[in-house]
Amino acid sequence: MAVPPEIRKSDPGDDFHRCPNCGYTRGFHCSFLRVAEGSDRYRIVLVCPECGTRFDIGWSTGLEKGVGPGP
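Engineer: Let's hear about the overall build of the protein chain: which residues, and what values?
Structural biologist: Each helix and strand in the protein chain was counted, giving zero helices and four strands. Mapped from its N terminus to its C terminus, the protein chain presents α and β elements in the order β-β-β-β. Every one of the 71 residues in the protein chain was classed for burial, and the buried ones make up 21%. For the protein chain, the accessible surface area stands at approximately 5400 Å², while carbon and sulfur atoms represent 51% of it.

This is the structure:
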């Protein structure tokens, strides 16, 4: 499998369902990248299912305390 391309910073504008790279119009998958080792904050990165281009539109999230992998 090919290495995913660099993450592109992008402004979502009013509607971000079409991939600006390949034109795919059925939305995106998402992935989560930890912002720093040991952090509970993650960048949410959108991934085009057609061409694999990754986009950072400025979303981030954190984990709820007490939620996570079990024993």
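We are not done yet, so read on.
Engineer: If you had to explain the state of the cysteines to someone new, which residues and values would you point to?
Structural biologist: The final tally for this structure, using the stated rule, is zero disulfides. Here Cys-19 stays unpaired: no disulfide links it, and the sulfur of Cys-48, its closest cysteine neighbor, is 3.8 Å away. Not engaged in a disulfide, the cysteine Cys-48 finds its nearest cysteine sulfur in Cys-22; these two sulfurs lie 3.7 Å apart. Among the residues examined, Cys-48 registers a relative accessible area of 2% and is labelled buried.

Engineer: Tell me about the environment of Gly-58, residues and numbers included.
Structural biologist: By secondary structure assignment, the location of Gly-58 is in strand S4 (residues 54-62). Judged by relative accessible area, which is 60%, Gly-58 ranks as exposed. Separated by 49 residues in sequence, Gly-58 and Lys-9 have C-alpha atoms that sit 7.8 Å apart.

Engineer: Which residues make up the packing of aromatic side chains, and what values do they have?
Structural biologist: Two numbers describe a pair of aromatic rings. These are the distance of the centres and the angle of the planes. Applying the stated criterion across every chain yields a total of three aromatic pairs. With a centroid separation of 5.8 Å and an interplanar angle of 75°, the aromatic rings of Phe-28 and Phe-55 are classed as edge-to-face. On the criterion of sequence distance, the pair formed by Phe-28 in the loop between strand S1 (7-9) and strand S2 (29-34) and Phe-55 in strand S4 is long-range, its members being 27 residues apart.

Calculation rules
- Residues numbered from 1 in each chain as written.
- Predicted model: local features only at pLDDT ≥ 70, side-chain atom pairs only at ≥ 80, totals over all residues.
- Heavy atoms only, no water.
- Helix = DSSP H or I, 4+ residues; strand = E, 2+ residues; numbered from the N terminus.
- Buried < 20%, exposed > 50% of the residue type's maximum accessible area, 1.4 Å probe, protein only.
- Areas by Shrake-Rupley, 256 points an atom, 1.4 Å probe, with all protein chains shown as cover.
- Disulfide = S-S within 2.5 Å.
- Phe/Tyr/Trp six-rings, centres within 6.5 Å; stacked < 30°, edge-to-face > 60°.

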